[in-house]
Amino acid sequence: MKLEPITLYDTLLENYGKQNWWPVDHLYHINNNTDPRFEIIIGAILTQNTAWSNVEKAIKNLKQNKKMDIKNINKIDIAELKKLIKPSGFYNQKAIRLKNFSRYLKNNYSNNIDNLFNKETYELRKELLSLNGIGQETADSILLYAGKKPVFVVDAYTKRICKRIPIKNLDSYNDIQKYFQKKLSKKYSKKQDQVKIYNELHALIVIFAKQFCKKKPDCEMCIIQKKCKYYKNII
DNA sequence: GTCCAGGGCCGTT
DNA sequence: AACGGCCATGGA
C-alpha cells in the first residue's frame, strides 16, 4: 500500500486550501517597485535549513535598507550584508552565496532577470547548480517559484513522508523529483498546470509536515492517518 | 537547557 | 556514491 502523489495533493488541498506560494511580503510591493523574483531568490537562499520566521527578520532588514534587489546586493559591503541577514543564521556563508548570485546575474545576464529565465530550463538548472551555495532544492525553488518553470521541489519533508507514509521508497533527490513529476504530469499535461500543482503541492507538504509529520510525528491528530502505513503500524 | 528549522559544502570512506 | 561535521539564529 502506498499513497499516490495526486491523492496526497487532493487530501492536503482539501484540508489546507491553496497556499499561493512563494510567501512574498505583499505590503512591501505596494510601496516598492522591486521585482518579486528578487525576493524569492534571496529568500530561497536565506531559508536553507532555517525557520522561515528567522528569514522574515532578515528580509525585513534588507527591505528597510533598500537592499531587496540583486543589484544592490552586488554593491553592498559584505560586512554590512552579513549584519542585515544575521537573524537568518549561517549568515557568513549566506552572505557569500547572495554575493555569488548577484555577481553571476550581473556578469552573465547584465542584471536582467528576464534574460536569466529565458534560458532553457534544464540548461539554467545546471548553471544554477554550478554556483557555490545553490544546491538542488534552492535551484529548483528558484526555477519553480521565481521562474514559473515546471520543476518539482524536493525537500527534507518530502523525503521524510516519501518513506514514512509511504509514497514510494526512494532516497535520492533526483529519483523523488522524477517520480512526482512523472505521476503528476500524467494528469496535468500543460506546462502552466504543472507549475501550479508543483507549486501548491510543495507548499502543502511543508505546512503538513510542520504540523503533523514532524521528526517526532503527531499521528493522533494527523489528517492522513487513514492513508498512512506508519500510523497503522503504531496503533 | 535541548531540539529543530523549507540545505549545501567539503573532506573522508 | 554515501556519510559526518560544520555552519548560527531564534522560537518552541
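Cut-off values and rules
- Note on numbering: residues in each chain are counted from 1, in written sequence order.
- All chains are assigned letters beginning with A, and all ligands numbers beginning with 1, in the order in which they are written.
- Local features are withheld for residues below a pLDDT of 70 in this predicted model, meaning they are given only at 70 or higher, and side-chain atom pairs are given and counted only at 80 or more; totals for whole chains, interfaces and linings count all residues.
- Values reported for side chains reflect all heavy atoms of the structure, with hydrogen atoms and water molecules removed beforehand.
- What we call a nonpolar core is a set of buried Ala, Val, Leu, Ile, Met, Phe, Trp, Tyr and Cys residues that are connected through their side-chain atoms within 4.5 Å.
- For every residue, the accessible area (1.4 Å probe, protein chains only) is compared with the maximum for its type, and the residue is labelled buried under 20%, exposed over 50%, or partly exposed between those bounds.
- Note on conventions: DSSP H or I runs of at least 4 residues are helices, E runs of at least 2 residues are strands, and numbering of each starts at the N terminus.
- What fixes the domain bounds is an automatic or database domain assignment.
- Whether two residues touch is decided by their heavy atoms; if any such pair falls within 4.5 Å, the residues are in contact.
- We define proximity as follows: a residue is near a molecule or strand when any one of its heavy atoms falls within 4 Å of that partner.
- Counted as a polar contact is a pair of N or O atoms within 3.5 Å, where, for protein atoms, one must be capable of donating a hydrogen and the other of accepting one, and residues adjacent in sequence contribute only when both atoms are in side chains.
- Under the convention adopted here, Pro, Cys and the residues Ala, Val, Leu, Ile, Met, Phe, Trp and Tyr are nonpolar, Asp, Glu, Lys and Arg are charged, and Gly plus all remaining residues are polar.

As for the nonpolar core
- With 75 residues, the main nonpolar core has Leu8, Leu46, Leu62, Phe101, Leu116, Leu128 and Phe180 as its most contacted residues.
- Here this core gets nine residues from one element, more than from any other, and that element is helix 13 (residues 191-211).
- Two domains each provide a minimum of three residues to this core, namely domain 1 (5-20 + 151-234) and domain 2 (34-146).
- Not counting the four nearest positions on each side in its chain, Leu46 is found in contact with Val55, Ala58, Ile59, Leu62, Ile85, Ser88, Lys94 and Leu98.

Side note on unusual backbone geometry
- Residue Trp22 is reached from Trp21 by a cis peptide bond, and omega for that bond is 0°.
- Structurally, Trp22 is set in the loop between helix 1 (5-16) and helix 2 (26-31).
- The peptide bond linking Ile165 to Pro166 adopts the cis configuration, its omega dihedral lying at -10°.
- The phi dihedral of Asn20 falls on the positive side, at around 50°, and the residue is not glycine.
- Assignment of secondary structure puts Asn20 in the loop between helix 1 and helix 2.
- Although it is not a glycine, Asn111 sits at a positive phi angle of roughly 60°.

Things to note about the protein's contact with DNA strand B
- Neighbouring DNA strand B are 25 residues, the closest being Trp22, Gly133, Thr138, Tyr157 and Lys210.
- A breakdown of the atoms of DNA strand B within 4 Å of the protein gives sugar and phosphate a share of 67%.
- Interatomic distance of 3.1 Å between a backbone N/O atom of Asn49 and a sugar or linking oxygen of DNA strand B.
- Within the contact set of DNA strand B, a phosphate oxygen lies 3.4 Å away from a backbone nitrogen or oxygen of Glu137.
- Elements with a contribution of two residues or more to the surface near DNA strand B: helix 7 (91-109), helix 10 (136-146), helix 11 (156-164) and helix 13.
- Looking at the surface near DNA strand B residue by residue, the class counts come to 10 nonpolar, nine polar and six charged.

Section: the protein's contact with DNA strand C
- Near DNA strand C you find Asn49, Asn54, Lys57, Lys86, Pro87, Gly89, Phe90, Tyr91, Asn92 and Gln93, and these make up its full shell.
- In DNA strand C, atoms within 4 Å of the protein come from the sugar-phosphate backbone in 55% of cases.
- Between a base oxygen of DNA strand C and a side-chain N or O atom of Asn54, the distance comes to 2.8 Å.
- Within the side chain of Lys57, a nitrogen or oxygen atom sits 2.9 Å from a phosphate oxygen of DNA strand C.
- Taken together, the elements giving at least two residues each to the surface near DNA strand C come down to helix 4 (52-64) and helix 7.
- For the surface near DNA strand C, the element with the most residues is helix 7, which contributes three residues.

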